[in-house]
Amino acid sequence: MLIKELKILNNLGLHARAAAKVVSTANRYESKIMFVKDDKNADARSIMKLLMLSASKGSCISVKIDGADQNDAMNSIEKLFENKFDEEK
């Protein structure tokens, strides 16, 4: 299992468009991908659960990934966060 703390960098936070990109990315992998913020857990394949995290700019999300392709999945999720969900150029 890999666990990494990632920070929301984009201005709008983890809103619908950004959450949709997370879901799309998560669906490319077999590993179980969970996001944790405060006391809330969200499966990265559920847009509704991701939105319920209420993760605004500056929020820290703990990403937990477990499975055969966990390293590739973590790299992809990290890049998505680092690139501000491809929203800000």
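Quick caveat, the model's predicted, so the values are computed rather than measured.

Caption draft 1: Summary view of the environment of Ile 33. Relative to the helices and strands, Ile 33 resides in strand 2 (residues 32-37). Along the chain, Ile 33 and Ser 62 lie 29 residues apart, while their C-alpha atoms are 11 Å from each other. Other than its neighbours up to four places away in sequence, Ile 33 contacts Ala 26, Ala 42, Asp 43, Ala 44, Arg 45, Val 63, Lys 64, Ile 65 and Ala 73.

Caption draft 2: Here's a closer look at the packing of aromatic side chains. Under the criterion given, the structure shown has two aromatic pairs. With 5.1 Å between their ring centres and 55 degrees between their planes, Phe 81 and Phe 85 make a pair best called tilted. Phe 85 shares its class with Phe 81; the two are buried.

Caption draft 3: Representation of the pattern of salt bridges within the structure. Scanning all chains against the criterion turns up three salt bridges. Taking the shortest distance from any N to any O, the salt bridge between Asp 86 and Lys 21 comes out at 3.8 Å. Linking Asp 86 in the segment after helix 3 (70-82) with Lys 21 in helix 1 (residues 16-26), this pair joins segments that are 65 residues apart in sequence. Judged by its relative accessible area of 28%, Lys 21 is partly exposed. One salt bridge connects Lys 37 with Asp 38, and the closest N-O pair in it is separated by 3.2 Å. For Asp 38, a relative accessible area of 65% translates into the label exposed.

Caption draft 4: Representation of the pairing of strand 2 within the structure. Bridging between strand 2 and strand 4 (residues 60-66) involves five bridges; their strand directions are antiparallel. The residue bridging Val 36 from the neighbouring strand is Ser 62, located in strand 4. Note: strand 2 against strand 3 (residues 40-43), four bridges, orientation antiparallel. When the bridges of strand 3 are listed, Lys 37 appears paired with Lys 40. Hairpin connection of strand 2 to strand 3: two residues between the antiparallel strands, including Asp 38 at a positive phi of 55 degrees.

Caption draft 5: Here's a closer look at the packing of helix 1 against helix 3. Relative orientation of the contacting elements helix 1 and helix 3 amounts to 160 degrees, with a least axis distance of 10 Å. Here helix 1 lies roughly antiparallel to helix 3, going by the angle between them. Between helix 1 and helix 3 lies a crossing of right-handed hand. For the pair helix 1 and helix 3, contact is made by Lys 21, Val 22 and Thr 25 and by Ser 76, Ile 77 and Leu 80, respectively. Partitioned by chemical class, the residues of the contact of helix 1 with helix 3 number three nonpolar, two polar and one charged.

About the thresholds
Residues numbered from 1 in each chain as written. Predicted model: local features only at pLDDT ≥ 70, side-chain atom pairs only at ≥ 80, totals over all residues. Heavy atoms only, no water. Helix = DSSP H or I, 4+ residues; strand = E, 2+ residues; numbered from the N terminus. Contact = heavy atoms within 4.5 Å. Phe/Tyr/Trp six-rings, centres within 6.5 Å; stacked < 30°, edge-to-face > 60°. Buried < 20%, exposed > 50% of the residue type's maximum accessible area, 1.4 Å probe, protein only. Salt bridge = Lys/Arg side-chain N within 4 Å of Asp/Glu carboxyl O. Pairing = 2+ DSSP bridges. Axes fitted to C-alpha atoms, helices over the stretch in contact; angles between N-to-C directions. Parallel < 35°, antiparallel > 145°, perpendicular 65-115°, else oblique. Left-handed = near helix turned anticlockwise from the far one by under 90°. Nonpolar A, V, L, I, M, F, W, Y, C, P; charged D, E, K, R; others polar.

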